[in-house]
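Examining the three-dimensional arrangement
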Amino acid sequence: MHLIINWEDFLHHHWQKRPVLLKQSISDFVNPISPEELETLVIKKALECQLIQRNHGKCQLGYQAFNGYSSLGQRNWSLRVEALHHCHRAAEEFLSLFRIFPDWYTEELTTFFSVPGGGLAHRLNRLTYW
């Protein structure tokens, strides 16, 4: 896996100027963690996470304890997990793709797991709390 980004162009036109979505910018992408691994790590390591549920077209963000996927149903939710790379080697290796920036500047690796109807990309402006 490696990045397909023109760093000079990115730094000149986007860095700290405006958001950008870099579609298909990682060659041979392999997801570093399975949904089952994520569930286990969040529970066992007590990783900081938020549950985002969508009801009647509105998203609600919750900070309650995460006890697994089984009680959440098959639709309309996402799980946001922070700092996954601190306890998962493959996630740390993924983050290393972005080592053009100094480590002190790199943010935490935030991971989203969504079921059908739970995706956030087109709903962020409708979140009741973020």
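Coordinates for the structure precede this section.
If you tally the helices and strands in the protein, you get three helices and six strands. In sequence order, the secondary structure elements of the protein are arranged as β-α-β-α-β-β-β-α-β. The proportion of buried residues among the 130 residues of the protein is 36%. Across the protein, every contact between residues at least 6 apart in sequence was considered, and the portion connecting residues at least 24 apart equals 70%. If you sum the accessible surface of the protein, you get close to 9,000 Å²; carbon and sulfur atoms cover 52% of it.

Only one face of strand E6 (residues 111-114) is buried: it carries Thr-111 and Phe-113, and the other face, with Phe-112 and Ser-114, is open. One ladder, built from four bridges, connects strand E5 (residues 77-81) with E6; its direction is antiparallel. Each bridged residue has a counterpart across the sheet, and for Val-81 the counterpart in E6 is Thr-111.

Next up on the list: the pairing of strand E4 (residues 58-62). Taken together, the five bridges between strand E3 (residues 49-55) and E4 define a ladder with antiparallel strand orientation. Paired with Arg-54 across the bridge in E4 is Cys-59. Connecting E3 to the antiparallel partner E4 that follows it, the hairpin turn spans two residues, and His-56 within it adopts a positive phi of roughly 55°.

This part is about the sheet that holds E6. Across the sheet, four strands lie side by side as E4-E3-E5-E6; this open sheet has antiparallel pairing. Looking along the sheet, the strands with just one partner apiece sit at the ends: E4 and E6. Strand after strand, the sheet turns through a mean of 20° between neighbouring axes, direction not considered.

With that settled, consider the nonpolar core. Of all hydrophobic cores here, the largest spans 20 residues; its most connected members are Leu-38, Val-42, Trp-77 and Leu-79. Of all the secondary structure elements, the ones that give two or more residues to this core are helix H2 (35-45), E3, E5 and helix H3 (89-95). Not counting residues up to four positions away in its chain, the partners in contact with Val-42 are Leu-47, Cys-49, Phe-66, Leu-79 and Val-81. Core analysis: the second largest hydrophobic core is formed by five residues, Leu-3, Trp-7, Phe-10 and Phe-101 among them.

Reading guide: rules and limits
Residues numbered from 1 in each chain as written. Predicted model: local features only at pLDDT ≥ 70, side-chain atom pairs only at ≥ 80, totals over all residues. Heavy atoms only, no water. Helix = DSSP H or I, 4+ residues; strand = E, 2+ residues; numbered from the N terminus. Buried < 20%, exposed > 50% of the residue type's maximum accessible area, 1.4 Å probe, protein only. Contact = heavy atoms within 4.5 Å. Areas by Shrake-Rupley, 256 points an atom, 1.4 Å probe, with all protein chains shown as cover. Pairing = 2+ DSSP bridges. Axes fitted to C-alpha atoms, helices over the stretch in contact; angles between N-to-C directions. Core = buried A, V, L, I, M, F, W, Y, C linked by side-chain atoms within 4.5 Å.

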